[in-house]
Amino acid sequence: ASPPRWAEKHAAKLRAKGTLLKQGSTTLLQISRIKPPNITAETADVTELGDAWRSFFATINDAGEVAYDVFFDPDAATLTSVRDLFADQVDSAEAVSSTPQSWVIQFTDATPATATFSGSLTGMDIGDAEIGGFMTATITIKITGAITWA
């Protein structure tokens, strides 16, 4: 049985303020936005010639990507560690990716809940310098394997 509508309306709302992103055991600072994983599943078309509707089977899951925005300060530890990870994650002599890094998103509920995953940096998009604004950079992590939710 589904819960009463009043239970849905009065369910706890999770505040974004206080959500943390950790690389290993280090909490990253100066973050203004975290876009949690966009989990998807690839599908295969299994429609038969006599079917009136298409049919699909899920074939493999993809944990997707996590993106986060930081205030751009080239000297800040958050950005220098990102630059170092980019430099270190591929061995230029061998052109072989190193072991993905460990990441944790820590939410703000009472427990607190976490999403732990391994991933490699795939993007660092430095934003525009505009009058009256603050510079930011968007960092993107491609997740490899499953996410552990706790």
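In what follows, the accompanying structure is described. Remember, predicted model here, so these are calculated numbers, not experimental data. (Residues numbered from 1 in each chain as written. Predicted model: local features only at pLDDT ≥ 70, side-chain atom pairs only at ≥ 80, totals over all residues. Heavy atoms only, no water.)

### Some words on the overall build of the protein
Looking only at helices and strands, the protein features 2 helices and 11 strands. Ordered by position from the N terminus, the helices and strands of the protein form the series α-β-β-β-β-β-β-α-β-β-β-β-β. Split into buried and exposed, the 150 residues of the protein put 23% on the buried side. (Helix = DSSP H or I, 4+ residues; strand = E, 2+ residues; numbered from the N terminus. Buried < 20%, exposed > 50% of the residue type's maximum accessible area, 1.4 Å probe, protein only.)

### Quick look at the pattern of salt bridges
The final tally for this structure, using the stated rule, is 3 salt bridges. Notably, a salt bridge pairs Asp69 with Arg33, separated by 2.9 Å at the nearest N-O pair. Residue Asp69 is found in strand β6 (residues 65-71), and its partner Arg33 is found in strand β3 (residues 31-35); the two are separated by 36 residues along the sequence. Asp69 gets classed as buried once you look at its relative accessible area, which sits at 13%. On the basis of relative accessibility, which here comes to 34%, the residue Arg33 falls in the partly exposed class. (Salt bridge = Lys/Arg side-chain N within 4 Å of Asp/Glu carboxyl O.)

### Regarding the nonpolar core
With 20 residues, the main nonpolar core has Tyr68, Trp103, Ile105, Phe117 and Leu121 as its most contacted residues. The set of elements that each furnish at least two residues to this core consists of β6, α2 (77-88), β9 (101-106), β10 (114-126) and β11 (136-149). Here this core takes 5 residues from β11, the largest share from any one element. If we ignore the near neighbours within four places in the chain, the residues touching Leu121 are Val82, Leu85, Phe86, Gln89, Trp103, Ile139, Thr140 and Ile141. (Core = buried A, V, L, I, M, F, W, Y, C linked by side-chain atoms within 4.5 Å. Contact = heavy atoms within 4.5 Å.)

### Brief notes about the pairing of β10
Two elements, β9 and β10, share 6 bridges in a ladder whose sense is antiparallel. Note that in β10 the partner of Ile105 across the bridge is Ala115. Bridge analysis of β10 against β11 gives 10 bridges, and the strand direction is antiparallel. Bridge pairing in β11 places Thr116 opposite Thr148. (Pairing = 2+ DSSP bridges.)

### A word on the packing of aromatic side chains
Each aromatic ring pair is characterised by the separation of its centres together with the angle its planes make. The final tally for this structure, using the stated rule, is 1 aromatic pair. Measuring from centroid to centroid gives 6.4 Å for Phe71 and Phe134, while their planes differ by 80 degrees, and the two rings are edge-to-face. Here the residue Phe71 occupies a position in strand β6, and Phe134 occupies one in the loop between β10 and β11, the gap between them amounting to 63 residues. Residue Phe134 is classed as exposed on the basis of its relative accessible area of 70%. (Phe/Tyr/Trp six-rings, centres within 6.5 Å; stacked < 30°, edge-to-face > 60°.)

### Re the side chain of Gln23
Tracing the chain through its elements places Gln23 in strand β1 (residues 20-23). Within the structure, Gln23 has its side chain in polar contact with the side chain of Gln101 (distance 2.7 Å). (Polar contact = N/O pair within 3.5 Å; in protein donor to acceptor, adjacent residues only side chain to side chain.)

### Focus: the sheet that holds β3
Strand order across the open sheet formed by 7 strands is β2-β1-β9-β10-β11-β6-β3, with antiparallel pairing between neighbours. The sheet terminates laterally at β2 (26-27) and β3, the two strands that pair on one side only. Bridging between β3 and β6 involves 4 bridges; their strand directions are antiparallel. Directly across from Ile31, in β6, lies its bridge partner Val70. Against the sheet, α2 makes contact with β1, β6, β9, β10 and β11, and its axis sits at roughly 90 degrees relative to β10, the strand it touches most. (Axes fitted to C-alpha atoms, helices over the stretch in contact; angles between N-to-C directions.)

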